[in-house]
Amino acid sequence: MGSTKNGAVPGEPVKKDENSRRGNWGNQIEFVLTSVGYAVGLGNVWRFPYLCYRNGGGAFMFPYFIMLVFCGIPLFFLELSFGQFTSLGCLGVWKVSPMFKGVGYGMMVVSTYIGIYYNVVICIAFYYFFMSMTNLLPWTYCNNPWNTPDCSGVMSTPRANATFANMSAVVSGVTEIVNRTKRTSPSEEYWRNYVLNISDGIGNFGEVRLPILGCLAVSWVVVFLCLIRGVKSSGKVVYFTATFPYVVLTILFIRGITLEGAVSGIKYYLTPQWEKILDAKVWGDAASQIFYSLGCAWGGLITMASYNKFHNNCFRDSIIISVTNCATSVYAGFVIFSILGFMANHLGVDVSEVADHGPGLAFVAYPEALTLLPISPLWSLLFFFMLILLGLGTQFCLLETLVTAVVDEIGTDWIIKNKTYVTLGVAIIGFLLGVPLTTQAGIYWLLLMDNYAASFSLVVISCIMCICIMYVYGHKKYFKDVEMMLGFPPPVFFRICWRFVSPFIITSILIFTVIQYKPITYNDYVYPRWSLIIGFAMALSSVICIPIYALFKIAVSEGSTFLERLKNSVKPDPDWGPALQEHRKGRYAATGPESVEVCPLNEDLKDEGKEKLKEKEDEIGLTIPGSNGSTLNPSPSA
């Protein structure tokens, strides 16, 4: 019989969510694309290529893929299975061991920091995108009001370009640029003096840069509209935002490899320096890049997986998404270094002198290279459009993580029905907190947050999550949970990684992060001590949630002694387990006088041996399930 629910036409099959109260992804492709968009971000374009050439070129690939196999994919699978099993966000999942709920709050704090500054980077990409809609890119020449006498462009000025009479002047100009110990490019001066109008230090906020503020508003509006119906709307948007960057990358790659000098750039990118394999720093960088690139411990993976159907094969998904993310990094390296090779050839310098990372690559080096290409505004539009889409894919998940955590925590029908208002509230707060980053000191604060707010705290959170699931809750129980969900137990390799290898690698990353610590700088600017203290405070603010909540939970738990309260605080919540009753089997099945099943009893006692099971059955008597679901309890006749 047809149903008119949800606007369906009578007689037609109705596509229902498995979890009608909370909702599910429209289909599995939407989940995979959203997760790919989340994992593949700006770091794939501006951090990986830089790390690759700094750490031995092609030789860096070896430790990179080793870390992917032994740390990246296992952690990715662990977080996906964790969220999918309970259909809850990064706060709700800690019913597994309530004392550790502070880990979830720590994830929320990290996602908040990243969400604030990440959208500022997206808004700058928006600004460059809008400014590329012109016949001549504004950072091409040095004859603008914001340029200084030190500016030296690789292109001739428009006047010299118009007359071609004195070509020797152009050649000598380029020679002078190359021979200078340090030149200031028009793209760098455009970035520093016009876009940012940067102040002399982190404490001097100056004025709000209104064009950047406007682009920030545009960025938040786009994110909100794409998430207005939660995963139902974002799941449709990602068909474009997650796939089109690959189209742009491919267009830029084809253009890049046809340029003169592109081969030298790619050679520089890939040529292995095998002696660096023995350098511990290379392995540390490889592990860190895998860890941060996949988005582990941000809470986003748990949140995205929580909207999956219970029996979805998240093991397959974790391998597909992780490999896609790393392949994208390698592919982006070809694109970036083909262009940088061309630029180095044009300037007559080594590739290392034009290679950069972070905002310097995205908003200085690459824009300058684009000015050398024919029809440069077109390539500029494509490049910054790709950056916008890469950023939005990550930003969608960061915002959804915060919204889902709030909605799951409150959990009332009203808040679930009015989730859009929560999304709007989070977006408005995110915009307001991002306003200081649009001031003249904004870039200093942005880099401070990037280097401290989401650094070692992620490693600590991830390590504690592994310890909680594998050792406090118990690895055997978790392996059975995964088997109940997927229909097969986790492969032996993943069990070993979860229990031993991945925690060891995570701990190693933490040690390397501490050993390799250097105070942050921005070009020649050295951050004052007070700003570094604020940076450490931001880093600690997410980690401190863990002990504070643990102490609170122990204090309010039942028990007459500290040890009793501690034991009760780590016990799984009675609600822990699959969200839907139809999936609560085995030890999660409802038990009571009305419904007692033999199977759950047998399954719980299987590990204790058949002898104990027999004794137990002798004590309580057999319960025989009836064919209609009722129970028949043998009892003496009256």
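Look up a bit, the structure's there.
About the criteria used
- Residues numbered from 1 in each chain as written.
- Predicted model: local features only at pLDDT ≥ 70, side-chain atom pairs only at ≥ 80, totals over all residues.
- Heavy atoms only, no water.
- Salt bridge = Lys/Arg side-chain N within 4 Å of Asp/Glu carboxyl O.
- Helix = DSSP H or I, 4+ residues; strand = E, 2+ residues; numbered from the N terminus.
- Buried < 20%, exposed > 50% of the residue type's maximum accessible area, 1.4 Å probe, protein only.
- 1 Å grid on protein atoms, 1.4 Å probe; cavity = no way out; pocket = protein on both sides within 12 Å on 5 of 7 lines; lining within 4 Å.
- Points joined across faces, edges and corners; volume = space filled by probe spheres on them.
- Nonpolar A, V, L, I, M, F, W, Y, C, P; charged D, E, K, R; others polar.
- Contact = heavy atoms within 4.5 Å.
- Axes fitted to C-alpha atoms, helices over the stretch in contact; angles between N-to-C directions.
- Parallel < 35°, antiparallel > 145°, perpendicular 65-115°, else oblique.
- Left-handed = near helix turned anticlockwise from the far one by under 90°.
- Patch = residues over 30% accessible without salt bridge, like charges linked within 9 Å, V, L, I, M, F, W, Y side chains within 5 Å.
- Areas by Shrake-Rupley, 256 points an atom, 1.4 Å probe, with all protein chains shown as cover.

Under the counting rule described, the total for this entry stands at nine salt bridges. Glu30 serves as the salt-bridge partner of Lys236, at 2.8 Å between the closest nitrogen and oxygen. With a gap of 206 residues between them, Lys236 in helix H10 (residues 231-241) and Glu30 in helix H1 (residues 28-39) connect regions that are remote in the sequence. Glu30 sits in the buried class, given a relative accessible area of 2%. Between Asp285 and Arg54 there is a salt bridge, and its shortest N-O distance comes to 2.7 Å. With Asp285 in helix H13 (residues 280-293) and Arg54 in helix H3 (residues 48-54), this residue pair connects regions lying 231 residues apart in the sequence. One network of salt bridges, with partners in common, ties together Arg54, Lys281 and Asp285.

Right, let's get into empty space enclosed by the protein. Unoccupied space between atoms shows up once a probe the size of one water molecule is rolled over them. Applying the stated criterion across every chain yields a total of three cavities of 30 Å³ or more. Taken together, 13 residues make up the lining of the largest cavity; nearest its centre are Ile124, Leu196, Leu437, Thr439 and Ile443. Top contributing element to the lining of the largest cavity by residue count: helix H20 (residues 442-453), with three residues. Classifying every residue of the lining of the largest cavity gives eight nonpolar, four polar and one charged.

Here we take up the side chain of Ser233. Within the element layout of this structure, Ser233 appears in helix H10. Residue Ser233 is classed as buried on the basis of its relative accessible area of 13%. Every residue in contact with Ser233, bar those within four places of it in the chain, is listed here: Cys226, Leu227 and Ile228.

A pair of packed helices is characterised by two quantities: the angle between their axes and the separation of those axes. Between helix H21 (residues 456-486) and helix H22 (residues 492-515), the shortest axis-to-axis distance is 9 Å and the interhelical angle comes to 160°. Comparing their axes, H22 and H21 come out roughly antiparallel. In this structure, H21 crosses over H22, and the sense of that crossing is left-handed. From H21, Phe456, Val459, Val460, Ser462, Cys463, Cys466, Met470, Tyr471, His475, Tyr478 and Phe479 reach across to H22, where they touch Arg495, Trp498, Arg499, Phe500, Pro503, Ile506, Thr507, Ile509, Leu510 and Thr513. For the contact of H21 with H22, the per-class residue count stands at 15 nonpolar, four polar and two charged.

As a further point, take a nonpolar patch on the surface. Taken together, the side chains of Ile467, Tyr471, Val472, Val492, Ile496 and Phe500 make up a nonpolar region of the molecular surface, amounting to roughly 530 Å² of accessible area. Secondary-structure elements contributing two or more residues to the nonpolar patch are H21 and H22. By the element assignment, Phe500 lies in helix H22.

This part is about the side chain of Thr241. Along the chain, the position of Thr241 falls in helix H10. For Thr241, the residues in contact, after removing those within four places along its chain, are Leu389 and Phe396.

This brings us to unusual backbone geometry. Even without being glycine, Ile375 reaches a positive phi, approximately 50°. Residue position: Ile375 is located in the loop between helix H16 (359-371) and helix H17 (376-410). The backbone of Asn523 sits at a positive phi, close to 55°, despite the residue not being glycine. Mapping Asn523 onto the fold places it in the loop between strand E1 (521-522) and strand E2 (525-526).

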